[in-house]
Amino acid sequence: MTHTQMILFFIFAIIGHILCGISDCLITYAPDGKVNLINFKDYENTSKAFARMPLKNLSRAILLGVLAMTLEIFGYLALCIWMKDYSTVYYWIMYVATLIMFISIALHHMICCIVEWFFVKLNRTSEALTAVWDFFQDTRYTMYIAYLAMIVFAVAFFLAVVTGKTSLPAWACIFNLLPIAIVILPTKLPAKANIIGALMFIGLLFVI
């Protein structure tokens, strides 16, 4: 892979994270309030939040999420290929983590969208909420697997840089999901995971 191709794939990842952030906002911010999947089972708040939620927003979120993650994976795989020149071990760890992460996170994103779509389609009844909540709970492992794989990827990349395995200076380890997450997660910014991912690739554009 040439340097130009790698930069192009990083740009794909940045665009993907921006689009995925928009998709997340479509399913998180309803006309009548913010949707919180953690407290999704609270019927009063959830029903109120979804009172005027257009089904087309949720359908768009699914399609936009698929497009976004297709673009994102180019950047993550490009980073894996770049790592292969320095460490086969770290390459394989990051490569396998990337595949697991994107399969799981894509499924989780679609599940979140589908849960909301059916709740709205079924007229926001308490029975509908119970059904979609049970479905979400039964499939929540996709979320856990995705975030575990993301942590493995980030830790491997961080260690490779900070220990001098790559051509990057040790301080470049800040352009990593973990350090950026420490700064972003305590804030009230929307679509935090995608802001973190976009910032990592923006930083890498200037150091790789």
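Before going into details, it helps to say that this report is about the structure given with it. (Residues numbered from 1 in each chain as written. Predicted model: local features only at pLDDT ≥ 70, side-chain atom pairs only at ≥ 80, totals over all residues. Heavy atoms only, no water.)

**Side note on the side chain of H108**
The residue H108 is located in helix α4 (residues 88-121) in this model. Exposure remark for H108: the relative accessible area of 9% places this residue in the buried category. The residues contacting H108, other than those within four sequence positions of it, are F136, T142 and M143. (Helix = DSSP H or I, 4+ residues; strand = E, 2+ residues; numbered from the N terminus. Buried < 20%, exposed > 50% of the residue type's maximum accessible area, 1.4 Å probe, protein only. Contact = heavy atoms within 4.5 Å.)

**Focus: the packing of α4 against helix α5 (residues 126-138)**
The geometry of α4 relative to α5 is characterised by a closest axis approach of 9 Å and an angle of 170 degrees between their N-to-C directions. Here α4 lies roughly antiparallel to α5, going by the angle between them. Along the contact surface, α4 presents H108, I111, C112, V115, F118 and F119, while α5 presents A128, L129, V132, F135 and F136. (Axes fitted to C-alpha atoms, helices over the stretch in contact; angles between N-to-C directions. Parallel < 35°, antiparallel > 145°, perpendicular 65-115°, else oblique.)

**Focus on the layout of surface pockets**
Approximately 1200 Å³ is the volume found for the largest pocket. What lines the largest pocket is a set of 45 residues, among which D24, H108, Y147, K192 and A193 lie closest to the centre. Listing elements by their share of the lining of the largest pocket, those giving two or more residues are α1 (3-28), α3 (55-84), α4, α5, α6 (141-162), α7 (177-184) and α8 (192-207). When residues of the lining of the largest pocket are assigned to their parent elements, the largest contribution, seven residues, is made by α4. The class makeup of the residues in the lining of the largest pocket is 29 nonpolar, nine polar and seven charged. (1 Å grid on protein atoms, 1.4 Å probe; cavity = no way out; pocket = protein on both sides within 12 Å on 5 of 7 lines; lining within 4 Å. Points joined across faces, edges and corners; volume = space filled by probe spheres on them. Nonpolar A, V, L, I, M, F, W, Y, C, P; charged D, E, K, R; others polar.)

**Some details on a nonpolar patch on the surface**
A cluster of nonpolar side chains, namely W92, V96, I100, Y141, Y144 and I145, defines an oily patch on the protein surface of about 590 Å² accessible area. Elements represented by at least two residues in the nonpolar patch include exactly α4 and α6. For Y141, the position within the fold is in helix α6. Owing to a relative accessible area of 46%, Y141 belongs among the partly exposed residues under this scheme. (Patch = residues over 30% accessible without salt bridge, like charges linked within 9 Å, V, L, I, M, F, W, Y side chains within 5 Å. Areas by Shrake-Rupley, 256 points an atom, 1.4 Å probe, with all protein chains shown as cover. Salt bridge = Lys/Arg side-chain N within 4 Å of Asp/Glu carboxyl O.)

**Digging into unusual backbone geometry**
For R124, which is not glycine, the phi dihedral falls at a positive 55 degrees. Residue R124 is classed as partly exposed on the basis of its relative accessible area of 24%. Positive phi, close to 50 degrees, is recorded for A191, a residue that is not glycine.

**Some thoughts on the nonpolar core**
By size, the foremost hydrophobic cluster in this structure holds 45 residues, and its most contacted members are L79, F153, M200 and L204. For this core, the secondary-structure elements that each account for two or more residues are α1, α3, α4, α6, α7 and α8. The element that contributes the greatest number of residues to this core is α3, accounting for ten residues. The residues contacting L79, other than those within four sequence positions of it, are F10, M94, F153, F157, M200, L204 and I208. By size, the runner-up hydrophobic cluster in this structure holds 21 residues, among which are L58, I62, V132 and W133. (Core = buried A, V, L, I, M, F, W, Y, C linked by side-chain atoms within 4.5 Å.)

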